[in-house]
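Reading the structure
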Amino acid sequence: MEWYLPVIWAALIGTAVALYVILDGFDLGTGILFPYAGNERERDQMMNSVAPFWDGNETWLVLGGGGLWVAFPQAYAVVMPALYIPVIIMLLALVFRGVAFEFRWVAVTSRKYWNFAFSGGSTLAAFCQGLILGGLIQGIKVENGVFAGGPFDWATPFAGVCGLAVVTGYALLGATWLVMKTEGAVAERARGQAKALLLAVLAFMGVVSLWTPLAFEWIAARWFSTPNIYFLWPVPLVTALAALMVWRWLDAGREVPPFLASIALFLLGYLGLVISTFPYLVPPTLTIWQTAAAPASQIFMLVGTVALLPVILGYIVFVYWLFRGKVREGEGYH
Amino acid sequence: MDLDPVLLARLQFAFTVTFHIIFPSFTIGLSAFIATLLVRWMLTGREHLHRLARFWTKIFAVSFAMGVVSGIVLSYQFGTNWSRFSVVAGNVVGPLIGYEVLTAFFLEATFLGVMLFGWRRVPPWLHVMSAIFVAVGTAISAFWILAANSWMQTPVGYELRAGVAYPLDWLAIIFNPSFPYRLAHMLTATYLTTSLVVLSVGARYLLAGRHPEESRTMMRMGIGMLALLGPLQLLIGDQHGLNTLEHQPIKIAAMEAHWDGSKPGALVLFAWPDEKAEMNRFEIAIPKAGSLILKHDPNGLFPGLKSVPPADRPPLIPVFFAFRIMVGIGLLMIVAGLVGAWLWWRRRLFEARWYLWPVAHGWWLGFVAVISGWIVTETGRQPWLVHGVLRTADATSPVPAASIATTLALFVLVYGIVFAMGIYYINRLINKGPEGRAVEPPEMGTPVRPLSSAAEAGREILSPQR
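Criteria and thresholds
Residues numbered from 1 in each chain as written. Chains lettered and ligands numbered in written order. Predicted model: local features only at pLDDT ≥ 70, side-chain atom pairs only at ≥ 80, totals over all residues. Helix = DSSP H or I, 4+ residues; strand = E, 2+ residues; numbered from the N terminus. Rg over C-alpha atoms; globule rule 2.2 N^0.38 Å. Buried ≥ 20, exposed ≤ 12 C-beta atoms within 10 Å, placed from the backbone. Contact = placed C-beta atoms within 7 Å. Domains from an automatic or database assignment. Nonpolar A, V, L, I, M, F, W, Y, C, P; charged D, E, K, R; others polar. Pairing = 2+ DSSP bridges. Axes fitted to C-alpha atoms, helices over the stretch in contact; angles between N-to-C directions. Parallel < 35°, antiparallel > 145°, perpendicular 65-115°, else oblique. Expected span 1.5 Å × (residues − 1). Left-handed = near helix turned anticlockwise from the far one by under 90°. pLDDT = per-residue confidence, 0-100. Core = buried A, V, L, I, M, F, W, Y, C linked by C-beta atoms within 7 Å.

A closer look at the overall build of chain B
Along the backbone of chain B there are 16 helices and six strands. In terms of overall dimensions, chain B is globule-like: its C-alpha atoms have a radius of gyration of 24 Å, near the 23 Å expected for 466 residues. Taking the principal axes of the C-alpha coordinates as reference, chain B spans close to 70 × 50 × 45 Å. Residue burial in chain B is summarised as follows: out of 466 residues, 53% are buried. The contacts in chain B between residues at least 6 apart in sequence include a share of 76% that link residues at least 24 apart.

Examining the overall build of chain A
Along the backbone of chain A there are 14 helices and four strands. Taking the principal axes of the C-alpha coordinates as reference, chain A spans close to 55 × 40 × 40 Å. Relative to its 334 residues, chain A shows a buried fraction of 54%. In chain A, the proportion of contacts linking residues at least 24 apart, taken out of those at least 6 apart, comes to 78%.

Some points on the domain arrangement of chain B
Residue and element names in this part refer to chain B. The domain boundaries assigned to chain B delineate domain 1 (1-176 + 400-466) and domain 2 (227-387). Taken residue by residue, the interface counts 10 residues in domain 1 and 11 residues in domain 2. Breaking the side of domain 1 that touches domain 2 down by element, the ones donating at least two residues are helix 1 (5-22) and helix 6 (124-153). No other element matches helix 1, which puts three residues into the side of domain 1 that touches domain 2. Residues of the side of domain 1 that touches domain 2, tallied by class, amount to six nonpolar, four polar and no charged.

Quick notes on the pairing of strand 1 (residues 158-161) of chain B
All names here are of chain B. With four bridges joining them, strand 1 and strand 2 (residues 164-167) adopt antiparallel strand pairing. Within strand 2, the residue paired with Leu-160 across the bridge is Ala-165. Between the antiparallel neighbours strand 1 and strand 2 lie two residues, among them Ala-162 with a positive phi of about 50°.

Some words on the environment of Phe-105 of chain B
Examined against the element boundaries, Phe-105 of chain B turns out to sit in helix 5 (residues 90-117). Residue classification places Phe-105 of chain B among the buried positions, given that 29 C-beta atoms sit within 10 Å. A sequence separation of 195 residues divides Phe-105 of chain B from Gly-300 of chain B, and the C-alpha atoms of the two residues are 45 Å apart. When sequence neighbours within four positions are dropped, the list of residues in contact with Phe-105 of chain B reads Thr-59 and Val-62 of chain A together with Glu-100 and Ser-141 of chain B.

Some points on the interface of chain B and chain A
With 58 residues of chain B at the contact, the number on the chain A side is 56 residues. Put simply, the parts of the chain that give the side of chain B that touches chain A at least two residues each are helix 3 (47-80), helix 4 (83-88), helix 5, strand 2 and helix 15 (401-432) of chain B. It is helix 5 of chain B that provides the largest number of residues to the side of chain B that touches chain A, a total of 19 residues. Partitioning the side of chain B that touches chain A into residue classes produces 37 nonpolar, 19 polar and two charged.

Section: the packing of helix 3 of chain B against helix 15 of chain B
All names here are of chain B. Contact pair helix 3 / helix 15: the axes reach a minimum separation of 10 Å and the direction vectors enclose 170°. Between helix 3 and helix 15, the crossing angle belongs to the class labelled roughly antiparallel. The residues of helix 15 that touch helix 3, namely those facing Lys-58, Ile-59, Val-62 and Met-66, are Val-418, Gly-422, Tyr-425, Ile-426 and Leu-429. Considering only residue class, the contact of helix 3 with helix 15 consists of seven nonpolar, one polar and one charged.

A few points about helix 6 of chain B
For helix 6 of chain B, spanning 30 residues, the distance from its first C-alpha to its last is 44 Å, which sits close to the expected 44 Å at 1.5 Å a residue. Most of helix 6 of chain B sits inside the fold, with 22 of its 30 residues counted as buried.

Side note on the packing of helix 1 of chain B against helix 3 of chain B
All names here are of chain B. Relative orientation of the contacting elements helix 1 and helix 3 amounts to 145°, with a least axis distance of 9 Å. Relative to helix 3, helix 1 is oriented so that their crossing is left-handed. Taken together, the residues of helix 3 that come into contact with helix 1 (itself represented by Phe-13, Thr-16, Val-17, Phe-19 and His-20) are Gly-67, Ser-70, Gly-71, Val-73, Leu-74 and Gln-77. Of the residues in the contact of helix 1 with helix 3, the class split is five nonpolar, six polar and no charged.

Concerning helix 8 (residues 185-215) of chain A
The end-to-end C-alpha distance of helix 8 of chain A is 44 Å, a good match for the 45 Å that 31 residues give at a rise of 1.5 Å each. Here helix 8 of chain A has its buried residues at Val-186, Ala-190, Gln-193, Ala-194, Leu-197, Leu-198, Val-201, Phe-204, Met-205, Val-208 and Thr-212 of chain A.

Regarding the environment of Leu-116 of chain B
Checked against the element boundaries, Leu-116 of chain B lands in helix 5. Leu-116 of chain B sits 62 residues away from Arg-54 of chain B along the chain, and the two C-alpha atoms are 8.9 Å apart.

Comments concerning the pairing of strand 4 (residues 279-286) of chain B
All names here are of chain B. In this structure, strand 3 (residues 267-274) lies alongside strand 4, joined through six bridges in antiparallel fashion. In the strand pairing of strand 4, Val-268 is matched with Ala-285. Counting the residues that bridge the hairpin from strand 3 to strand 4 gives four residues, and of these Glu-278 lies at a positive phi of roughly 55°.

Some details on the confidence of the model for chain B
All names here are of chain B. On average, residues of chain B score 87 in pLDDT, and 93% of them are at 70 or above. Looking over chain B, one finds the lowest element-wise mean pLDDT in helix 16 (residues 451-460), namely 37, and the highest in helix 14 (residues 365-379), namely 95. A low-confidence stretch, residues 440-466 (pLDDT under 50), is modelled with 27 contacts involving residues beyond four sequence positions or located in other chains.

Comments concerning the confidence of the model for chain A
On average, residues of chain A score 89 in pLDDT, and 98% of them are at 70 or above. Element-level mean pLDDT values for chain A span from 81 in helix 10 (residues 228-232) of chain A up to 94 in helix 7 (residues 157-181) of chain A.

Side note on the environment of Lys-251 of chain B
Residue and element names in this part refer to chain B. Note that Lys-251 resides in helix 10 (residues 249-256). The sequence separation of Lys-251 and Ile-293 amounts to 42 residues, and the corresponding C-alpha distance is 16 Å. Setting aside residues no more than four positions away along its own chain, Lys-251 makes contact with Thr-244, Pro-314, Gly-380 and Arg-381.

Points about the nonpolar core
Membership of the largest hydrophobic core comes to 260 residues, with the highest contact counts inside it found for Val-78, Val-79 and Leu-91 of chain A together with Ile-34 and Leu-226 of chain B. When residues are assigned to domains, this core turns out to be shared by domain 1 (1-176 + 400-466) and domain 2 (227-387) of chain B, each giving three or more. For Ile-34 of chain B, the contacting residues outside a window of four places in its chain are Ala-53, Trp-56, Thr-57, Phe-60 and Ala-131 of chain B.

Some remarks on unusual backbone geometry
The amide bond that connects Phe-278 of chain A to the next residue, Pro-279 of chain A, takes the cis arrangement and shows omega of 0°. If you check the backbone angles, Asn-144 of chain A has positive phi at about 55° while not being a glycine. You can see Asn-144 of chain A is positioned in the loop between strand 1 (142-143) and strand 2 (146-147). Residue classification places Asn-144 of chain A among the exposed positions, given that 5 C-beta atoms sit within 10 Å. Positive phi values are uncommon outside glycine, yet Phe-282 of chain B reaches one of about 50°. Judged by C-beta crowding, with 8 C-beta atoms within 10 Å, Phe-282 of chain B ranks as exposed.

Set out below in structure tokens:
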């Protein structure tokens, strides 16, 4: 089998997941911060800042899941049963917060319930994504290429910490997004929230960075063995630098740069996790080569992806550009 | 209690996929209807067309949101509920779903933002284009998902190695034998379903004496589609049936409750198929008419249920009755279309209350027909998940029954709430009706100006819409 095809596919799916985490991260984050808004007008403003984009953002989740199935069916068939409960709960939470975008506008007396559905659904979905992440990092029990563990194997303190970390991280992306896209009281509050969230995110990154090498020997071996450590030491350093820039730009009253720096912070954390786990898709047993689809399937899909992804990215950028600038009061179709 | 994980996994998937299909079968047609309204508005400048498009867009947004979130669930359930299927068929079916995401999902999801929020932000031509992109995206999505489903019904273009399917010929896989028929049948069904809803809402307003101009447009467009597509669907359905007889004869035998293949088949109008006794009870049938339809010969023979052991037969009751419900509703739609067209021709359409009343109350029929049709084809494929390749019982995930039962209960609860509220809100939107003033129709050739100034101009001529 061509050894490079699974690598290309791992890179593509990694990119799709990274794009998902950033794009849906800021709109889930906006939902997480929803309860702290002062009144309904502010909530309208927050929701309208993400309303034109959320559907497209969530499509990356479909591409991530679908892509995993297309390119690595064996991994998909192990991960989904192993993380059955958090995956299904995440999907149900996404149902609630997704329909809330539409229902909240039509509702009159029940609006407060859809506010709760939006914020609760966003928070729960983020938490479950953290559980899924933690469940993957800590490893899945596999025998003969099939999931062989119990339904609650994922439920560990480590996964719980990952869940909280993702909620905090998305909230940071959401807060810096609101700093960029809104004005007035919403933006002011978001600026304050972003600072507190930044500190919390750094604390979680620290905890996860210490916990993983201590608890999982293959991760310790990856980071602290020579020669790896010579190449890898800049990763935490650049991460610290990105965090510093988020703080300074927030302090300086800048609007766009804090969001971009938060994205950079997220990508660096993501890079750290990739370094910890590559080339395992299902740590610590199944690699990208063991779980890969037939080369014919990977090539067929690759042709389409190479041709279509630039077009997709093109029109997505175009639509973000169309809706550039601050959210205008009362803008929407409702 | 001893729960059967296979049955639970099937129940869960049947529930989520049935819930999901309600929305695409509405939004595929509705997006095309909205795009048509907007194009007609661009060409004629008649204000009520724009008002109608805005009205239906609100309903579209609610339905589409429910379709999207219930669709994401499905893309993960292949793994959570059918992990063995995702390994056995993943090499073949996976890329088809992948292409659906790349060619359809991103297109519709991204331009939906412009369609919903761009009324005042972008120039009219770009807004109309976005509506067209969304409509095209939904149809492309149907193309891929039906290719995947059809391959599971009539798998070709692959080889089995160690029980896993490997692709040999992608064109054969996509354009597998049942695909053209299934695609035509389903797309027509979605356009019919939407047309009936549109016609129904038009009739409802006419009966109440509201929005006369909008109602007439809706009535005319709805009736035109029903009168045209209804009879066409009958033809497509017939061809689809002949194709199924060729590739999945036992499904046909179950649809017709045809037990003995050594005799010509009757057209069973009603019966209670008794699986144990292998016969029909309370049968009302037209002798030999089944053979006439399926073989175009009253003495033609086709396989009966008894030609395979009971373990290889699908459950009869759902297949048999769902098929009759689907065909019955289809015939009703043809009648509604033809009677409406006749009234239209006689210029009595908008006063004929005896016609308006039943039509106003029959908006849901198309949905029931679509769901029934899917029950026929999916239950009729049992006991196979991939016909002749993988049995449903062998396709499940290593997940305990308790997990599946719990999440099934959660799905029923959550979808129940979401569905009830969705219907309630859509009904409220319909009660409110089309309102507000439209933007001025564009002069021909407007977009010659640079985009930004055109956008400014588009915004200036807009009146408040809330």
